[in-house]
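One letter stands for each residue in the lines below.
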Amino acid sequence: MTTPTPTPSPSRPPTHLPPAAPLTGVIEGVYFDGRSSRDRVATLRVLRGGEDLAVLRVQAEGDAAGSEQQWPLRALHFDPPLPGVRRVVKLPDGGRFETVDDAAITALEAAGGRNRGLRGVRRLESNWPLTLGAVATLGLFVWGFLTYGLPAVARSAAAATPRSVLASFDRSATEVLDNGSFMGQTRLGAARQRQLQQGFRDVTRWAGGGYPYRLLLRDGEPEGSMSAIGTNAFALPGGTVVMTDQLVRLARDDRELLGVLAHEAGHVTGRHSLSGIYQGLGLTLLTTAVTGDLVSASTFAAAVPTWLLKNGYSRQAETQSDEVAGRFLMERYGTTKPLRDVLARLDTEDAEADENSVTEDDPGSFLQTHPGTAERIRHLREIEQNWGKKR
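Residues numbered from 1 in each chain as written. Predicted model: local features only at pLDDT ≥ 70, side-chain atom pairs only at ≥ 80, totals over all residues. Heavy atoms only, no water.

Asker: Teacher, can you tell me more about the confidence of the model for the protein chain here?
Answerer: Low-pLDDT stretches of the model should not have their predicted coordinates read in fine detail. With 73% of its residues at a pLDDT of at least 70, the protein chain reaches an overall mean of 79. Here strand β1 (residues 21-22) is the element of the protein chain with the lowest mean pLDDT, 44, and helix α5 (residues 190-207) is the one with the highest, 97. The low-confidence segment residues 1-22 (pLDDT under 50) makes 20 contacts with residues lying over four places distant or belonging to another chain. Confidence drops under a pLDDT of 50 for residues 363-369, and excluding neighbours within four residues, the segment shows seven contacts in the predicted structure. (pLDDT = per-residue confidence, 0-100. Helix = DSSP H or I, 4+ residues; strand = E, 2+ residues; numbered from the N terminus. Contact = heavy atoms within 4.5 Å.)

Spelled out as structure tokens, the structure:
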């Protein structure tokens, strides 16, 4: 029976080193044995032979001769470089060799075929034109995502949000609105409320979509409130539309109010409120659309009224909803003037104003996220002028 020759321990050098020539010069640094925080002076060099060997020579304090260990070069692990930090070579025995000679360690990485991708990154980082180009490209990507990508993601998420989540939004938002800070109970008479509710049912039957529509008539200027919504109307995601007494009194006839309600129904069917909220409050909220998490929905639904009243709708959303209201008014009355006039009064805060009272928008308004009143009035006129051509 033949007795196998024992293999020397990796932490002990073999008795005879293979004949080899240095692959690199001597790299000076310090050695940590992995068991204590004490460092010792050390050097590292590589011998070329049948297998490239890394030879570590450690010199303890008071020991001029020192001791040596060696391992195959492929057994060493190189930590990625960090600016201002010593390069680290992890050794098979649990120790580590550290040095400030970055160039020498980079040469060892190349010899051992290690960290090739990181070496490419370092070359890019050291090339200023490429670095600046990469930064500019990243900036364009971020701008493009915020301008086009995020709104598209928000619209998709809004379209995919379950109806149960929409209902939760409306319930939570209504609770916030009815706490007395934003609005109070309507002061309209019962007969007038029935009249408006009937008109709203007519609008929502026309708009369709299968939403559980409801109209909340509220006083927009409750006594003592510092956050009153005033003369206003807006739609919550699930089909709840709020209209204030002040807007009802501002209108000269119910055709104007029905035009406003048709516009708000357009926001509901287009899910404009929800996509705007998702976009405005952050990407993390988009997970609600996927999970249908009613707890998450209730958590941030309280922010819905404040967001809607402060930010309104995007230019695209307002235009689409004006088109919905324009079609309703043209089918019912053959004109979009009722909505044009009430928009003018809302803009000028003048009860005697009409569509001709609105001055042209600022020349830079095309850069704004929301369309100006003059632009909206022009669009409604175009709907009326082109109505016969489209039919």
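Asker: I'm lost on the environment of Thr174 in this one. Help?
Answerer: Relative to the elements of secondary structure, Thr174 occurs in helix α4 (residues 163-177). Given a relative accessible area of 8%, Thr174 falls into the buried group. Here the alpha-carbon distance between Thr174 and Leu236, two residues 62 residues apart in the chain, equals 8.7 Å. Setting aside its immediate chain neighbours within four residues, Thr174 contacts Arg214, Leu216, Leu236 and Thr240. (Buried < 20%, exposed > 50% of the residue type's maximum accessible area, 1.4 Å probe, protein only.)

Asker: Even after reading the chapter, I still don't get the pattern of salt bridges, so can you show me in this structure?
Answerer: Pairing is possible between side chains of opposite charge, provided their charged atoms come close. Applying the stated rule across the entire model yields 19 salt bridges. Where Asp33 meets Arg35, a salt bridge forms, and the shortest distance between an N and an O atom there is 3.8 Å. Here Asp254 and Arg192 are joined by a salt bridge, their closest N and O atoms 2.7 Å apart. Of this pair, Asp254 sits in helix α7 (residues 254-269) while Arg192 sits in helix α5; the two residues are 62 residues apart in sequence, bridging distant segments of the chain. Residue classification places Arg192 among the partly exposed positions, given a relative accessible area of 22%. By sharing partners, the salt bridges in this structure join Lys337, Arg340, Asp341, Glu355, Arg381 and Glu384 into a single network. (Salt bridge = Lys/Arg side-chain N within 4 Å of Asp/Glu carboxyl O.)

Asker: Whenever I open this one, the nonpolar core confuses me. Can you help?
Answerer: A general tendency of soluble globular proteins is for nonpolar side chains to be buried together. Leu196, Leu215, Met243, Leu247, Leu261 and Leu339 are the most contacted members of the largest nonpolar core, which has 43 residues in total. Residues in contact with Leu196, not counting those within four places in the same chain, are Leu188, Leu215, Leu217, Met243, Val248, Asp254 and Leu257. Membership of the second largest hydrophobic core comes to 18 residues, among which are Leu44, Ala54, Trp71 and Val89. (Core = buried A, V, L, I, M, F, W, Y, C linked by side-chain atoms within 4.5 Å.)

Asker: Sorry, what's going on with the side chain of Arg376 here?
Answerer: Structurally, the position occupied by Arg376 is in helix α14 (residues 373-385). For Arg376, the side chain forms a polar contact with the side chain of Asp322, separated by 2.8 Å. Setting aside its immediate chain neighbours within four residues, Arg376 contacts His263, Glu318, Asp322, Leu343 and Pro371. (Polar contact = N/O pair within 3.5 Å; in protein donor to acceptor, adjacent residues only side chain to side chain.)

Asker: I would appreciate a short explanation of the sheet that holds strand β10 (residues 214-219) in the present structure.
Answerer: Strands pair in a sheet through their backbones, by hydrogen bonds, and they do so in one of two ways: parallel or antiparallel. In spatial order, the strands read β9-β10-β12-β11; together these four strands make up an open sheet with mixed pairing. The open sheet has two edge strands, β9 (184-185) and β11 (233-235), and neither has a second partner. Across two bridges, the pairing between β9 and β10 is antiparallel. Each bridged residue has a counterpart across the sheet, and for Gly184 the counterpart in β10 is Asp219. In the packing of α5 onto the sheet, contacts are made with β10 and β12 (240-244), and the angle to β10 comes to roughly 145°. Taken strand by strand, α7 contacts β10, β11 and β12, and its axis lies near 25° from that of β11. (Pairing = 2+ DSSP bridges. Axes fitted to C-alpha atoms, helices over the stretch in contact; angles between N-to-C directions.)

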